[in-house]
Amino acid sequence: MKQKWKITIIVLLVVLICTLSICAYRFMHDSSSKKENSSISQTSQTAQYTSSVQDEPVSFVRYSVYESADVSFRFLIAQLDIQSDSETYALSDFVTSEGIALNDIQSYVKQLENVNLFVGKKNVWFSFADKTSFSGNILIPITTNEADSISVFCKNKNYDFDLTQNHADCAELEESKNDKIVSQQDTYQLRVTNIFEITGDDMYQNDTLLTMPSSIRIFAIKVDAAVLNGNLIHIDRAIYEESDGTNLEAEDASIRSMKYENLIGQDITDEKEACFFFVDSNLQNTKGVLHTYMNGSDTPVDVEVS
């Protein structure tokens, strides 16, 4: 009798252990599935968010509205920003709600220049193509004088501008005796994109690594030069005039950085981004004027640096 009770107790214990093991397995499996589903859900949300951001590669950062009694149209100068993973853009893709293609505005530019207004002073771009990344000012003419707004269309997207605000003074575009235009219509455009210190970078004269004194500081001014309609420009030299009147001569074509190319000596027929290099022991002003000499001319093209 006692033997039978022992057997019964053992059987019950075995059944109990098996039941507990099955329950534990199911609990762990369900928990793992929930975590996996949660991870998938989070990944899906991230993908949707990323997709939403990537769907908006074009934006207008800021704009100014100009109006002059000397011409029959108003106009905007707007900063266009393009950041696309793969799709390319051209200025010809942008058309206003009045039907003006923004790569075909030469007649408006000419009318402005005839009354001493030069949009080139605002580093306006008149042409670009096949860009996945771009940041620069463009000109948007407005022929309907009573309009309170205007739209720009690009690849099934529209961008609206309120013309009742952000008014600017056309005097900003006038040329005085000491002013130089930073672009010449249908020929070239120069745009300063950055000024920064590169002290400590490896510098070369031709292919020889230079040893620089510890007291010397090296600065670079990065310039984006674009040449239009098959023209050519040759960059001869450059001078940086600090706001206090100090003039620094850019290093000649034999000098280059390990990271950055020297713009001096370059023959440009399309578009080129490179740097002018300046050596100084105590550059204090990162605001000034860059004087660029090209094509053998003694008259520089001046671009403000700020």
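Each residue is numbered by its place in its chain's sequence as written, counting from 1. A pLDDT threshold of at least 70 governs which residues receive local features in this predicted model, and a stricter bar of 80 or more applies before side-chain atom pairs are shown or counted, although totals over entire chains, interfaces and linings include all residues. Only hydrogens and water are set aside when side-chain values are computed; all heavy atoms of the structure are taken into account.

**Regarding the overall build of the chain**
Runs of H or I in DSSP of at least four residues are treated as helices and runs of E of at least two as strands, each being numbered from the N terminus. A tally of regular secondary structure across the chain gives 2 helices and 18 strands. Three exposure classes are used, based on accessible area relative to the maximum for each residue type with a 1.4 Å probe and protein chains only: buried under 20%, partly exposed in between, and exposed over 50%. Looking at the chain as a whole, 38% of its 306 residues qualify as buried. Should any heavy atoms of two residues lie within 4.5 Å, those residues are counted as being in contact. By sequence separation, contacts in the chain at least 24 residues apart represent 72% of the contacts at least 6 residues apart. A 1.4 Å probe and the Shrake-Rupley method give the accessible areas. Residues count as covered only by the protein chains that appear here. Of the roughly 17,800 Å² of accessible surface on the chain, 47% is carried by carbon and sulfur atoms.

**Points about the sheet that holds strand β10 (residues 208-209)**
Here the rule is simple: two strands pair whenever DSSP picks up at least two bridges between them. Taking strand neighbours across the sheet as the criterion, the 3 strands line up as β10-β9-β14 in an open arrangement whose pairing is antiparallel. Strands with a single pairing partner mark the edges of an open sheet, and in this sheet they are β10 and β14 (255-257). The pairing of strand β9 (residues 203-205) with β14 spans 3 bridges and is antiparallel. Bridge pairing in β14 places Met203 opposite Ser257.

**A short note on the nonpolar core**
If you look at the biggest cluster of nonpolar residues, it comprises 43 residues, and the most contacted ones within it are Phe60, Phe75, Leu76, Leu80, Phe94, Val119 and Phe161. At 6 residues, strand β2 (residues 74-83) tops the list of elements feeding residues into this core. Sequence-distant contacts of Phe94, defined by excluding residues within four places in its chain, comprise Val58, Phe60, Leu80, Ile82, Ile100, Ala101, Leu102, Phe128, Val152, Phe153 and Cys154. Put simply, buried Ala, Val, Leu, Ile, Met, Phe, Trp, Tyr and Cys residues joined by side-chain atoms within 4.5 Å make one nonpolar core. Core analysis: the second largest hydrophobic core is formed by 25 residues, Tyr188, Leu263, Phe278 and Met294 among them.

**Topic: the pairing of strand β5 (residues 149-154)**
Of the pairings in the sheet, the one linking strand β3 (residues 95-96) to β5 comprises 2 bridges and is antiparallel in character. When the bridges of β5 are listed, Thr96 appears paired with Val152. Bridge analysis of β5 against strand β6 (residues 157-162) gives 6 bridges, and the strand direction is antiparallel. Counted as the bridge partner of Phe153 is Asn158 from β6. Joining the antiparallel neighbours β5 and β6 is a turn of 2 residues, in which Lys155 adopts a positive phi near 50 degrees.

**Digging into the confidence of the model for the chain**
The predictor's confidence in any single residue is recorded as pLDDT, a number from 0 to 100. With 76% of its residues at a pLDDT of 70 or more, the chain has an overall mean of 80. Low pLDDT, under 50, characterises residues 176-181; the stretch is placed with 10 contacts to residues that sit more than four places away or in other chains.

**Some thoughts on the sheet that holds β3**
Taking strand neighbours across the sheet as the criterion, the 3 strands line up as β3-β5-β6 in an open arrangement whose pairing is antiparallel. Edge positions in the open sheet fall to β3 and β6, since each of these has one partner strand only.

**Focus on the pattern of salt bridges**
The rule for a salt bridge is simple: a side-chain nitrogen of Lys or Arg has to be within 4 Å of a carboxyl oxygen of Asp or Glu. Enumeration over the complete set of coordinates arrives at 8 salt bridges. The partner of Lys155 in a salt bridge is Glu87, with the nearest N and O atoms 3.1 Å apart. A residue pair is termed long-range when its members are at least 10 positions apart, and Lys155 in the loop between β5 and β6 and Glu87 in the loop between β2 and β3 qualify at 68 residues. On the basis of relative accessible area, Lys155 is assigned to the partly exposed category, the value being 35%. The closest approach of N and O atoms between Lys272 and Glu261, which form a salt bridge, is 3.0 Å. Of this pair, Lys272 sits in strand β16 (residues 271-280) while Glu261 sits in the loop between β14 and β15 (267-268); the two residues are 11 residues apart in sequence, bridging distant segments of the chain. Overall, the relative accessible area of 23% leaves Lys272 in the partly exposed class. For Glu261, a relative accessible area of 39% translates into the label partly exposed.

**Notes on the side chain of Arg191**
Topologically, Arg191 is positioned in strand β8 (residues 188-197). Any pair of nitrogen or oxygen atoms within 3.5 Å is treated as a polar contact; in protein, a donor-acceptor pairing is required on top of that, and neighbouring residues in sequence qualify only through side-chain atoms on both sides. Engagement of the side chain of Arg191 in a polar contact is seen with the backbone oxygen of Ser135, the distance being 3.0 Å.

**Structural notes on unusual backbone geometry**
One non-glycine residue, Asp130, adopts positive backbone phi at about 55 degrees. Considering the arrangement of structural elements, one finds Asp130 in the loop between α2 (106-114) and β4 (133-142). Under the relative-accessibility criterion, Asp130 is labelled exposed at 63%. Even without being a glycine, Asn156 presents a positive backbone phi close to 70 degrees. Positionally, Asn156 belongs in the loop between β5 and β6.

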